[in-house]
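Tertiary structure, described
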Amino acid sequence: PLEGVRKLIADHMVKSKHTSPHVTTFEEIDFTELVAYRNSVKEEFKANYGANLTFMPFIIKAATTALKEYPKINASITDKEIIYKNYYNIGIAVAREDGLIVPVIKDADKKTIVELAVEINQLGLKARNNGLRPDDVSDGTLTVTNAGMFGATASTPIINQPQVAILGVHAIVKRPWVVNNQIVIRDISTFGMSFDHRLIDGHIAVQFLHQ
């Protein structure tokens, strides 16, 4: 039978597709410098803070900076009004055997890379151990989902209602890349952002990703 968490997820996904006209735009991101930096500090970081340093804290920091430039992406919409949020709570989709769950980092824009990395580790552990509280999964303004950790190079994620956008992060792979008119090998990821076309137009979504 379709029941429990799986039923809740199914209902939530169907509601989202019925509510929001989804469009997804893609952008290729050069991670080469960040990959080198992370590789140089990750062991020391783990020893000092007891948490793995992933790319997610850097992505969240960049996303919150861009959200302040493009406030429609940090909003929600009803039939009668647009609700702009003056806080930046970033949901992180976590895969579990029971199904996907999205713990939320509150006031992510006010936190350092170290604080974000530690909190991501803590929330992920709580999610996988079924230890999340209602407050841990509420009031998100943008969700980031990392299909890349499973090897995906692109996807079109479904918006987490009542948000109006979701950022899909994908695998970082070595690709030929043009730098100063020379073909070199770089570490490249593709980001795919699905957005609610009732509120967000394509040029805003593209500018957000470029930011």
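Scroll up to find the structure this text is about.
We now turn to the structure provided with this report.

Focus on the nonpolar core
- Counting 47 residues, the largest nonpolar core has Ile60, Ile73, Ile200 and Phe208 as the members making the most contacts within it.
- Considering each element in turn, this core owes the most residues, seven residues, to helix H3 (residues 56-69).
- Residues within four places of Ile73 in sequence aside, it is in contact with Leu67, Thr141, Leu142, Val164, Ala165, Met193, Ile200, Ile204 and Phe208.

Focus: the pattern of salt bridges
- Overall, the coordinates contain eleven salt bridges when judged by the stated rule.
- A salt bridge links Lys68 to Asp109; the shortest N-O distance between them is 3.0 Å. Within this pair, whereas Lys68 is found in helix H3, its partner Asp109 is found in the loop between strand E5 (104-105) and helix H4 (113-128), the two being separated by 41 residues in sequence.
- Taking the relative accessible area as the measure of exposure, Lys68 reaches 45% and is therefore partly exposed.
- Where Lys126 meets Asp136, a salt bridge forms, and the shortest distance between an N and an O atom there is 3.0 Å. Of this pair, Lys126 sits in helix H4 while Asp136 sits in the loop between H4 and strand E6 (142-146), and the two are ten residues apart along the sequence.
- Residue classification places Lys126 among the partly exposed positions, given a relative accessible area of 28%.
- One salt-bridge network, in which partners are shared between bridges, spans Asp30, Glu33 and Arg186.

Digging into the environment of Ser155
- With respect to the helices, strands and loops of the structure, Ser155 is situated in the loop between E6 and strand E7 (165-169).
- In this structure the C-alpha to C-alpha distance between Ser155 and Ser194, which are 39 residues apart in sequence, comes to 9.4 Å.
- Ignoring anything within four residues of it in the chain, the contact list for Ser155 reads Thr24, Phe26, Ala147, His170 and Gly192.

Here's the deal with H3
- Spanning 14 residues, H3 covers 20 Å between terminal C-alpha atoms, matching the ideal 20 Å at 1.5 Å per step.
- By the burial criterion, the buried members of H3 are Met56, Pro57, Phe58, Ile59, Ile60, Ala63, Thr64, Ala66 and Leu67.

Observations concerning the pairing of strand E8 (residues 173-179)
- Pairing analysis gives seven bridges linking E8 to strand E9 (residues 182-196), with the strands arranged antiparallel. Looking at E9, one finds that Val173 is bridged to Ile188.
- What sits between E8 and E9 in their antiparallel hairpin is a turn of two residues, with Asn180 showing a positive phi close to 55°.

A short note on the side chain of Thr190
- Locating Thr190 in the fold gives a position in strand E9.
- Residue classification places Thr190 among the buried residues on the basis of a relative accessible area of 10%.
- For Thr190, the residues in contact, after removing those within four places along its chain, are Phe26, Glu27, Glu28, Thr153, Gly168, Val169, His170, Ala171 and Arg175.

Here we look at the packing of aromatic side chains
- Applying the stated criterion across every chain yields a total of four aromatic pairs.
- Ring geometry for Phe31 versus Phe55: centroids 5.6 Å apart, planes at 85°, classification edge-to-face. Of this pair, Phe31 sits in the loop between strand E1 (22-30) and helix H2 (32-49) while Phe55 sits in the loop between H2 and H3; the two residues are 24 residues apart in sequence, bridging distant segments of the chain. Assigned by exposure class, Phe31 and Phe55 land together as buried.
- Ring pairs connect the aromatic residues Phe31, Phe55 and Phe191, which therefore count as one cluster.

Definitions and limits used
Residues numbered from 1 in each chain as written. Predicted model: local features only at pLDDT ≥ 70, side-chain atom pairs only at ≥ 80, totals over all residues. Heavy atoms only, no water. Core = buried A, V, L, I, M, F, W, Y, C linked by side-chain atoms within 4.5 Å. Buried < 20%, exposed > 50% of the residue type's maximum accessible area, 1.4 Å probe, protein only. Helix = DSSP H or I, 4+ residues; strand = E, 2+ residues; numbered from the N terminus. Contact = heavy atoms within 4.5 Å. Salt bridge = Lys/Arg side-chain N within 4 Å of Asp/Glu carboxyl O. Expected span 1.5 Å × (residues − 1). Pairing = 2+ DSSP bridges. Phe/Tyr/Trp six-rings, centres within 6.5 Å; stacked < 30°, edge-to-face > 60°.

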